[in-house]
Each structure stands twice: as structure tokens, then as C-alpha cells.
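Okay, here's what each chain looks like letter by letter:
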Amino acid sequence: MTDITGMTGIRDMRGRLALAISSGAAAELAGLGLIGSAAWLITRAAEHPPLAALSVAIVGVRAFATTKGVFRYGERLAGHDVALRAQATTRQRLYRALIPTGPRDRRGADLLSRMVDDTDAAQDLLVRCLLPACAALVTAIAAVTLGLFLLPAAALALLAGLLVAGVLIPLGTAAAARRWSARIAPARAELAARVADLVHGAADLAAYGAGGRALDACAEADARLGALERRQSRANAVAAALGTLTQGLTVLAVVWIAGGSQAGRVATAVLALVSLVAFEPVLPMAAAAERLTGVLAALRRLREVGATPPAVAEPAKPAPVPEGPPTVEIHDLVVRHGPGLPAALDGVSLTLTPGRRVALVGPSGAGKSTLLSALMRLVEPESGTVRLNGTDLGDLASDDVRRVMTGLTQDPYVFQTTLRDNLRLAGPEADQEELTEAVRRARLDRWVERTGWDTQLGEDGRTVSGGQLQRLALARALLNDPPVLLLDEPAESLDEPTADALMADLLDATRGRTTLLVTHRLRGLEGVDEIVVLENGAVAQRGTHEELVGTPGYYRDLWHSEALTAGR
Amino acid sequence: MHKDLLRLIRGERAVRRHLAVCLAAAVLAGLLVLVQAEVLSGVLSGRFAPAALAVLALVVGVRALLGLVQGVAAGRTSTGVKTALRHRLLSRLRDLGPADLASRRSGELVTLAGRGLDALDPYLSGYLPAAAVAAVVPLAVLVRLFVADLTSAVIVLVTLPLIPLFGALVGMRTKEVTERQWRALARLGGHFLDVVRGLPTLRAFGRARYQAEVIGRVAQEHREATMRTLRVAFLSSLVLELAASLSLALVAVPVGLRLLSGSMELPTALLVLLLAPEAYLPLRTMGNKFHAAMEGVAAADEAFAVLDAQGRGTAVQDVPASPARSGAPEIRLENVTVRYPGRDEAALDDVSLTIAPGERVALVGESGAGKSTLLHLLLGFVAPDSGRVLIDGVALTGDDAWRARLAFVPQRPHLFATSVADNIRLGFPEATLDDVRRAAKAAHADEFVTALPEGYETALGERGANLSAGQRQRVALARAFCRPGTDLLLLDEPTARLDGRSEAAIVAATGELAEGRTAVIVAHRPAMIDLADRVIRLAEGRVVSAELIGESR
């Protein structure tokens, strides 16, 4: 298990953290010293002592006044530095924990965004919770200690007040925050879902005259969320009011006790004003505790990510990658995506010999993509074996497996970077000529000429259509040029003539290369060495195009339907 | 205050009242601090009897109560404003229409109308009350100080403006740098998310581990740049802090010396000591809340930008489906040209064509040829810039009464986060479960829907069951079957991502759905084209050929 919550990262930064904490505490202490020495100066001066008796206090007032701001500045700088480091460490760890494939790979983009948002919690933990709490603690101890010297009974009253404001009330707000967030989070998710429906489903809603109903559903979700938010803000207002009350009544009690004990005017004034100011860093603890519950929940979620076992077990001592032209033997392979689910692959056997091209066809959900995932060692087989030149894939490091077998996978991604860098991630050493060649063979050259090699793609940049994305992914696969090339539906979301031309090119370019091609277009498959028809996770038919067309079954049906409609 | 927000609040009576209560409570509580200082200094100097502590207790109690009122009213203000703004925003999004929405970044709009508006909370419930207090309380403190002691009042009066002055000076110097840095921060978050999302691709090409180092390097560079900025940006808070604490020293030391010489009384001296910090505190509080408040302002700006934006889409009002129809319509386009703003080439360029009642037309052509625009035109999502569209010889209204005659299946139908049954009865909410099931059967969807965990009541959407592309299309077809009284069928590449057998099911269902209706089908695949009586080929916004299906073979 990886600790990705950044707490170990903080340990490396102990020095900086100590600096931030001590500056923060020093700033608060200077504030306390300033008001204390000023109160002493004024009440003592009223007793008309010799000027020399006041000189220390005068120096104190000036010194505290000057240093307070400087300390505060130091605290903020050091605090943010530590926080940014903690966040960077957390992100790096989260990323490392995500590198091995896991069940979370199936999760949606929203969950990923939330995970990324959660890494902000490391920053908040420090800047909004830990640093203020330390400063408050030091201030409270200093004020109570001073009180103990002047008037122990008053110090006890102050201690009680500070405990209420700094411990009891924050405990209350933390409990309230836990309760409310448990109710508000689903209401917020509900609103987000309704809004997403309204925007993403705009065409469907307009076409079916259902926009008004969708708008009403949004309004209802908003009203439910609003009611909960109002109740939460009421709970927070109660906490704030209790804080004000505690501060006022504590000062009052201190003055009352001092008055009753004849402590003297100087001591009374110093005690009263120090008590008043001592609450300043303590009162924000209520809000900090509220934030802390959110932070802790985020950190817990991140820890769960680190604790999730990877989908594929890496061998303790990876075997060396077998030399020579690759032979892949799949024997009786069974893969299940989860307990209780039907097997995605149910006893598939298949051999890829060097230079041999095999096509996988079959209806959607037959297990074609799962077979590619098993070859790329992204899923763990339940039983059966995949061997590369006689070595079981399970004995190889999964990165090594993907160095041999990779290519065009399902759901390729466009990064927010230049077109060039989007390609080069598949071939970091490739020169311009190789890039141009890969793009040409993926039939992307015209688009690249129009767009330009250094144009930003992705969310903030130029949008990429489905067909362009598919060809970009194919260009990556061709550029990467692995010993065993895997291609998952390379002609998907292309229009008919482009798809035909691309498949023809592809079958031409892969001649004599070890290739596994997943496709639902049968045209051109006369040229491959073997066609395997998968249905319901098992091999239903296998053979050459000629053999399969002559045998009743899925392939022949599909071929006839394609031939019929295409007028061939 | 934000101009547009103010206008919004003025228009909402309840919100206006809550905001007024919130601000009044905040200001009153601020003024009570003066009373508290008065009583406390009186008691500490011995001018008031200890019994005056009862008054102090009362003041503290009232302050706490006002704080409570302020908090509750602030919560009501913010939810009220958010609800009002959200409602306008969503109504506006709906009115813009699908064609206009498609040209925007829809993900950002969803975030803005949802979580994005929460950024208003710190502005409305934190910054605004603090600003009101800052406008009133320092002045009140100054007036009281002038009455109590002229010298101290002058010191405060001179130093007080330094805070906003220095704040503005430092702010101006750092504003641009700081803003750039915040944008960089947002980009950094974006970069990280980008890498995490693209992880499967990185993994496939053995680049996943390499990126971990890149993440670390980018974060470190960013931190160094941020810290350089913060060193300057935090100067403003240093100035604030210094001005406040030094002024206290500037007041306290002379007051002490004057007490010593007997030219000042203790009660006045203590009052000055207690009051002087209260002049600075509201300004500092406001300053501290400034940054979070600006995020709220940015969210408000974004929301009002959407509200004020010019949309070309026609307003969309819902009219319930009415079954009485004149039968399958004839569609005639006369020299129709459609242009999208910001594009040179017309999406449809002088297109004329006639589709006979009950005819099935397949639209083919490369992407960007204008096929979808033609469908959007018939749906009334876009209006022609020139030329006209005639339905049975009458100009197309493109309103909901017209759309009630349509059965539309988009290329990627949206499944709503509700039950399968509700998804199917989208265009006919009154449909019974039997109607829904009949429609699903006709769309070849009944079999897989029944196999779902809760059948027709299974929830769909992001948190619901996952359907394959073919199954989604069949739910959308069932939607079309479920709507009574439709006589024009519009389909946008319904089999683009499907396998042979899924395709066969969709093609069969589409054939049934086209019975007795005029049908316009955007098609890629031969099986779908085969359904048509006529194939119309579009290229670069023009009709390049229109041939009967028999002639093309």
C-alpha cells in the first residue's frame, strides 16, 4: 500500500513547517504582548511612577508593534511554501498509485476530477487547519500562564473560556459539518446530474418538448439543496454566536474575579485586555474544525486509492523479456471483470506466430477488447495462460509486456498539448520524417497540414473530432511500432470511403508483421492469415475468409449482409 | 458591489430583505463594540461601579444574538441569490437551444450552473457584511475618539487611510502578476487532471512512469514562481498589519506619557486604547475576505456573460404532443443557406430540394458536409440565413408545435439520470408502462431492458446502469416509437458505432418506424442507406447528387 496522503511528505519538510508554525505563533504572541504591555503602560502611568519605570513597557509596545507584522509575513510565506510542497508531493503520490491498472480505471471522468480536487486538501490541512491551530494553542498557553502569575483564579476562568471556544465549539462544528456534508453531498450531486441532463440532453429535450420538465427538475433539486444549505449556515451562525458570547463572558468573569480579589488596577486591566485578545486566534478554530472534516474525508478517499490492490499482480522478480521474433500462445483463457459477473472471456485459445496477422470479429460485448487487455496485461486472467516465447505473461513486468504488445486501444485520449507532443508520446525518439510517415499512413496528413504540428489540442485548444482522434491514435500505434501490433477497431467513427481506404492501407502496411486486428468490417479480411469469430466470450468460428464464408454462422451472415447492402 | 448582482438582488424581494437584515445586523454588532469598549474602560478605570458589568453582559448577549441573525440572514441571502441566478442561467441555456449549446463548452456550463455558483457564498455572506461594517464602524470610532481625545483621533485619522492606500499601491503593483499566477495554478490543476485522465494511453506506450517525474518538475517550477509572486503579494498584508499595530503603539505611548504628566485621565486613556484597534479591524477583515470574494465575482461575471450573450437559436417552448395531424408532410427547401457565426464557409449553401410525403431519404456525405445542419434546420434548432423551408407549402415555424410532429433519434442520444421507462416516455409523459413496453418492443429494446436489475425502473445516467452504444440507440428509438402522432422521422447516423447484429436490430426498427412517415436519415452504413428510397449526397454544404436507390447500384 502506498501512503499518498502527503503526511510522510510533510515529514521531509519538518524544518520549513517548524518555521511556519513558530512565525505564526510569534505573530500572535507579539499581538498579545502588544496589548498587554500597552495596558500595563497606561494603567501604570496613571499611578504617576518615575518615567524610568515605564521605559521597558514603552520599548515593549514599540517592539511588539513592529515585529508582529514581520512575523505574520514570514508565517504566510513559509506556510504557503510548505503547503505547495505538500500538495505537489500528494499529487505525485496519487499519480504513482494510479499507474498500476485497477478497477478504478472503469470509473468516470467525474471521479477522477474529484480525486484531483481532493489533493487540494493537503494544502488546506496545513494552511487552514494545522498552522492556525498551533498559533491558537501557543497564544492560549501564553495568556493562561501570564494569568497564573497575576491572578490564578482569573487564569482558570480564562482557561475555561478558551477551552470552550477552542475545543468544545470546534467539536460541535466538526460534528455538524459531518452531519451536514453527509446530507448536502447527495443533494449537490443530484443538482449536478439534473443540470448535466439539461445541458447535455438539450437536443433530446427540445426535440421531445421536455425542456420545461427538465428545468422544473433542476429547480426542485436546487430548492432541496438550498434548504439544506440554509440549515447548515444556521448551525454555523449558532457556533459563531456562541464564540462571541464565550469571549465576552470570559472577559467579564476575569474582570469580576479580579475586582473581587483586589488584584489592583494594573493587573486587572492587563488581564482583561490580554484575555480579550487571546480569543482572536482561538475563535477561528470553529471554522477550521468545519474545514478539517472535509479535509480528513478527502485524505481518507485518497488513502483508499492507495490501498486498492492493483488489477494485475506484478511478479516479485520479473523474468527477462524473451528474445527473438515474438510468438504469443493464448491457451484456454478465462477473464472475469468482477465476481458474480459472467466471464468476459470463457476459454479462448489462439496463437500468434511471427509475421502472422489475425483478425478478431464478433458482436459488441463478445470479449474482443478484453482479449487485447489481457495481452497488454491490463487484466488478470482467472485461469488459462498467455505465453510470450514460452514465458508466462504473469512472470513478466507489465511494462515489459506492453513494450512488446501494444497499439491502438479503446478510448484513446488527446492530451492538452501540441499535436506533435501528442504523437511523440508513443515514440519519444522519433524524428520528423518518422512522424510524417506515421501520420500519412494513418490518413491524418491532410488534417495535420491544416492544423499545424504545433497547435494545442485538447480541452483549451483545437477540438478533435471522433474520426480524427481515432486516426491520431492509429498514428501513435504505427509510430510506436511494437513487435506485436494490437489494433482495436481502427476504422471506427470514420465515414465509409475513408474507412475503406484506411483498412486497405493498414492491411498493406502490416503485411508480414505480427498483428492482432479487432474489427467489425469484413471487407479486406481476405488478406489476413486467420479470422477468429468471438461470441459470448468464446471462439465460435475460426479460419480464413474463404473457409468462413463457406460455413454457416455469424461471419457468413455478416458478410452476406455487408455484400448485399453494399451492392457487391 | 457587483452591478449585475445588485440588479438581481433588487428584483428579488425576499433576497433583498435578507441581505438588508444581514448587513444591518453586522453593522449594529460592529457599533456595539464601541459600547462594549466604553463600559469596559469605565469599569477597568474605576469610573463605573462593578455593577456596570451587567450592562457589559447585556451588550455581549446582544452582540451574540446579532451575530446569529447575521449568519442566518447571510445563509438565506446566498441561497436566494444562487437559486435566482441558477434559474435564470438554466432558463437561458434552455432558450439558447441545442445548436447554440453545442458550440459552447458544455462541461464548463454544467459546472458553472452547479458547483460554480457556490463561489458566490464567500462574497455574499462574508465580503458584503464586512464591507458594510468597514464603511460605518471606523467612522463611528473616529467620531468617538475626536470627542474623547483629539491627539489620538488625529493619529488614527492620519494612519487609517494608509491601509487602503498601501493596499491599493501594492495591489496595483502585484495585481497582474498575481492574476497570472492564479491562472497558472488553475492550469497546473488542469495539467494534472489531464495526465490522470490520459493514464491508460500513457500506460499503453510505456510513458506512465516518465510522467510522474514531469508532474514533480512542473509542480516545483510552479511553486518557485508562485513563491516569487507571493513575496510581493503578501506585502499588502504586511502593510495592513504594520499600520494597525504601529498605530496602536503610536497612540499608546503618547497617551502613557500624558497620563504620567497628568494631562490626561485614565478612563479616557483606556477608552482610546480599546477603541483604536477597532478602527483598523474592519478594514483588515474586509481585506482578508477580498480574495475569496473575487472568485465569487468572477463566477458572477461568467454567469452574467452567459445571460447577456446573443444566441442565434430560436426560443424553445414546450407544447404537448397533439395526435391530430394531417399525415406525412412534404418538405421543400428553396435556396436555403445557413451560416454559423465565426465561420467563413456556409454550413448549407443555396440548397434546394423536395422530399415527398412518406418518402425515405438517406443523407450521405463526409463529416462537415452539412448533414447535421440540415437535420437541425428541420428541427428548428437553426433558422436559414436566406431561402425558405416549406412544410406542405407553408413556411416552417420551427416551434414546439412543429416539433411535436417529429420523432428524432440523434447520433449520440442523451440518457437522462432517471429510469429507463421515464427515458422512453420523454416525449409523452402520460405514457403507461404498457405503452413504454410496446415502444421498447418495437425498438428491439424490450429484451435487454427486461434483463436489467430492475427492468424498466432501472436508473440510467452517470450513476446508473451502463448501456452499450447499441442499447442506447434502441432506447432512443423506443422514445421515438413512444411519441404518438409523429409523421416526420429524423435520424442522425443511428448505427455509426455499432456492430453488425446491433445494426441489424436498429435497421429493422428504423424500417418499422419509417412506416407512414416522411423520413430523413443521416447515414454512413450501407444497411441503413438501403432503407431509403433516395440517397442525397452532400458535400461542402451543397447537394451534389440525389438519386433513387435503384439507380445507384
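Calculation rules
- Residues numbered from 1 in each chain as written.
- Chains lettered and ligands numbered in written order.
- Predicted model: local features only at pLDDT ≥ 70, side-chain atom pairs only at ≥ 80, totals over all residues.
- Helix = DSSP H or I, 4+ residues; strand = E, 2+ residues; numbered from the N terminus.
- Buried ≥ 20, exposed ≤ 12 C-beta atoms within 10 Å, placed from the backbone.
- Contact = placed C-beta atoms within 7 Å.
- Rg over C-alpha atoms; globule rule 2.2 N^0.38 Å.
- UniProt positions renumbered as here; feature names shortened; annotations may be inferred.
- Domains from an automatic or database assignment.
- Expected span 1.5 Å × (residues − 1).
- Bend = angle between axes of the 7 residues up to and from the residue.
- Pairing = 2+ DSSP bridges.
- Nonpolar A, V, L, I, M, F, W, Y, C, P; charged D, E, K, R; others polar.
- Core = buried A, V, L, I, M, F, W, Y, C linked by C-beta atoms within 7 Å.
- pLDDT = per-residue confidence, 0-100.
- Axes fitted to C-alpha atoms, helices over the stretch in contact; angles between N-to-C directions.
- Parallel < 35°, antiparallel > 145°, perpendicular 65-115°, else oblique.
- Left-handed = near helix turned anticlockwise from the far one by under 90°.

Caption draft 1: Examining the overall build of chain B more closely. Of regular secondary structure, chain B possesses 21 helices and ten strands. Residue burial in chain B is summarised as follows: out of 553 residues, 50% are buried. Counting contacts in chain B only where the partners sit at least 6 residues apart, residues at least 24 apart contribute 78% of the total.

Caption draft 2: Main features of the overall build of chain A. The helix and strand tally for chain A stands at 19 helices and ten strands. In terms of overall size, chain A is more extended than a compact globule, its C-alpha atoms giving a radius of gyration of 35 Å where 568 residues would be expected to give roughly 24 Å. By residue count, 50% of the 568 residues in chain A fall in the buried class. Sequence-distant contacts in chain A: of pairs separated by 6 or more residues, those separated by 24 or more amount to 78%.

Caption draft 3: View of the UniProt feature "transmembrane region" (unreviewed entry) in chain A. Taking the UniProt record as the reference, the feature "transmembrane region" (unreviewed entry) is found at residues 17-42, 48-65, 125-150, 156-177 and 237-258 of chain A. Segment residues 156-177 of chain A splits into 100% helix and 0% strand. End C-alpha atoms: 30 Å apart.

Caption draft 4: Broad picture of the domain arrangement of chain A. Domain parsing of chain A yields domain 1 (7-99 + 107-307) and domain 2 (328-566). On a C-alpha basis, the centres of domain 1 of chain A and domain 2 of chain A stand 54 Å from each other.

Caption draft 5: Broad picture of helix H5 (residues 120-150) of chain A. With 31 residues, H5 of chain A should cover 45 Å at 1.5 Å per step; its first-to-last C-alpha distance of 44 Å lies within 8% of that length. The largest bend in H5 of chain A amounts to roughly 30 degrees and is located at Leu126 of chain A.

Caption draft 6: The UniProt feature "transmembrane region" (unreviewed entry) in chain B, seen in detail. Residue and element names in this part refer to chain B. As recorded in UniProt, the feature "transmembrane region" (unreviewed entry) lies at residues 47-66, 127-147, 153-172 and 232-253. Counted over residues 47-66, helix gives 70% and strand 0%. Its end C-alpha atoms are 28 Å apart. Taken end to end, residues 232-253 has its terminal C-alpha atoms 31 Å apart, with 95% of it in helix and 0% in strand.

Caption draft 7: Summary view of the sheet that holds strand E4 (residues 386-391) of chain B. Spatial ordering of the open sheet is given by E2-E1-E4-E5 (chain B), a layout of four strands whose pairing is antiparallel. The two strands at the open ends of the sheet, each matched to only one other strand, are strand E2 (348-355) and strand E5 (394-395) of chain B.

Caption draft 8: Focus on the sheet that holds strand E1 (residues 328-335) of chain A. All names here are of chain A. The sheet built from four strands is open, its strands ordered E2-E1-E4-E5 with antiparallel pairing. Unpaired on one side and paired on the other, strand E2 (345-352) and strand E5 (391-392) mark the two borders of the sheet. With six bridges connecting them, E1 and E2 associate as antiparallel partners. In the sheet register, Val328 faces E2, and the bridge partner there is Leu352.

Caption draft 9: Main features of the interface of chain B and chain A. Contacts between the two partners involve 126 residues from chain B, matched on the other side by 117 residues from chain A. At 23 residues, helix H3 (residues 53-96) of chain B tops the list of elements feeding residues into the side of chain B that touches chain A. Partitioned by chemical class, the residues of the side of chain B that touches chain A number 69 nonpolar, 32 polar and 25 charged.

Caption draft 10: Spatial organisation of the nonpolar core. In this structure, Ile42 and Val254 of chain A together with Ala252, Leu273, Leu363 and Ile521 of chain B are the most contacted members of the largest nonpolar core, which totals 278 residues. Sequence-distant contacts of Ile521 of chain B, that is, excluding residues within four places in its chain, are made with Arg360, Val361, Ala362, Leu363, Leu491, Met528, Leu531 and Ala532 of chain B. Within the second largest apolar cluster, 71 residues are counted, among which are Val401, Leu408, Val448 and Leu522 of chain A.

Caption draft 11: Spatial organisation of the confidence of the model for chain B. Residue and element names in this part refer to chain B. Looking at chain B, the pLDDT average stands at 84 and 89% of residues meet or exceed 70. In the model of chain B, helix H21 (residues 549-552) stands out as the element of lowest mean pLDDT, 49, in contrast to helix H2 (residues 13-45), which has the highest, 95. When the criterion is pLDDT under 50, residues 313-317 qualifies, and its contacts beyond four places in sequence or with other chains add up to 18 contacts. Scored as a complex, the prediction yields pTM 0.82 and ipTM 0.84.

Caption draft 12: Representation of helix H11 (residues 235-261) of chain B. Residue and element names in this part refer to chain B. Relative to the 39 Å expected for 27 residues at 1.5 Å per residue, H11 spans 39 Å between its end C-alpha atoms, a close match to the ideal helical length. Within H11, 19 of the 27 residues are buried, which leaves the element mostly enclosed by the surrounding structure. In the stretch just after H11, Gly262 is the one whose phi turns positive, near 85 degrees.

Caption draft 13: Examining the pairing of strand E8 (residues 518-522) of chain B more closely. Residue and element names in this part refer to chain B. Within E8, five of the five residues are buried, leaving the element largely enclosed by the surrounding structure. Where burial is concerned, the two faces of E8 agree: the one with Thr518, Val520 and Val522 and the one with Ala519 and Ile521 are both buried. Pairing of strand E3 (residues 360-364) with E8, which is carried by four bridges, proceeds in the parallel orientation. Across the sheet, the residue bridging to Val361 is Val520, located in E8. One ladder, built from five bridges, connects strand E7 (residues 488-492) with E8; its direction is parallel. By the bridge assignment, Leu490 is partnered in E8 with Val520.

Caption draft 14: Region of interest: unusual backbone geometry. Its identity as a non-glycine residue notwithstanding, Asn389 of chain A has a phi of 45 degrees, on the positive side. Note that Asn389 of chain A resides in the loop between strand E4 (383-388) and E5. You can call Asn389 of chain A partly exposed: it has 15 C-beta atoms within 10 Å. The phi dihedral of Asp392 of chain B falls on the positive side, at around 50 degrees, and the residue is not glycine. Here Asp392 of chain B shows up in the loop between E4 and E5. Accessibility expressed as a C-beta count within 10 Å gives 12 for Asp392 of chain B, which makes it exposed.

Caption draft 15: Structural view of the packing of helix H3 (residues 51-98) of chain A against helix H10 (residues 208-233) of chain B. Put simply, H3 of chain A and H10 of chain B touch, their axes get as near as 10 Å, and they point 165 degrees apart. The angle between the axes of H3 of chain A and H10 of chain B places the two elements in the roughly antiparallel class. H10 of chain B is crossed by H3 of chain A, and the crossing has right-handed handedness. Across the interface between the two elements, Leu77, His80, Asp81, Leu84, Arg85, Ala88, Arg91, Gln92, Tyr95 and Arg96 of chain A from H3 of chain A touch Ala212, Ile215, Gly216, Ala219, Gln220, Arg223, Thr226, Met227, Leu230 and Arg231 of chain B from H10 of chain B.

Caption draft 16: Inspection of the packing of helix H6 (residues 152-200) of chain A against helix H5 (residues 106-113) of chain B at higher detail. The N-to-C vectors of H6 of chain A and H5 of chain B enclose an angle of 145 degrees; their axes lie 9 Å apart at closest approach. The way H6 of chain A lies across H5 of chain B gives a crossing that is right-handed. Listed contacts from H5 of chain B to Val195, Ala196, Val199 and His200 of chain A of H6 of chain A are Ser106, Leu109, Val110 and Ala113 of chain B.

Caption draft 17: Inspection of the confidence of the model for chain A at higher detail. Looking at chain A, the pLDDT average stands at 87 and 93% of residues meet or exceed 70. For chain A, per-element mean pLDDT is lowest for helix H1 (residues 7-12) of chain A, which scores 54, and highest for helix H9 (residues 265-282) of chain A, which scores 95.

Caption draft 18: The arrangement of the environment of Arg356 of chain A in detail. Residue and element names in this part refer to chain A. Here Arg356 is to be found in the loop between E2 and strand E3 (357-361). Sequence separation between Arg356 and Asp529 is 173 residues; the distance between their C-alpha atoms is 6.2 Å. Setting aside residues no more than four positions away along its own chain, Arg356 makes contact with Thr514 and Asp529.

Caption draft 19: Molecular detail of the environment of Ala83 of chain A. Residue and element names in this part refer to chain A. With respect to the secondary-structure elements, Ala83 resides in helix H3. Assessed through the 25 C-beta atoms surrounding it within 10 Å, Ala83 is described here as buried. Taking the C-alpha atoms as reference points, Ala83 and Ile531, separated by 448 residues in sequence, lie 57 Å from one another. Discounting residues that sit within four places of it in the chain, Ala83 has contacts with Gln123, Leu126 and Val127.

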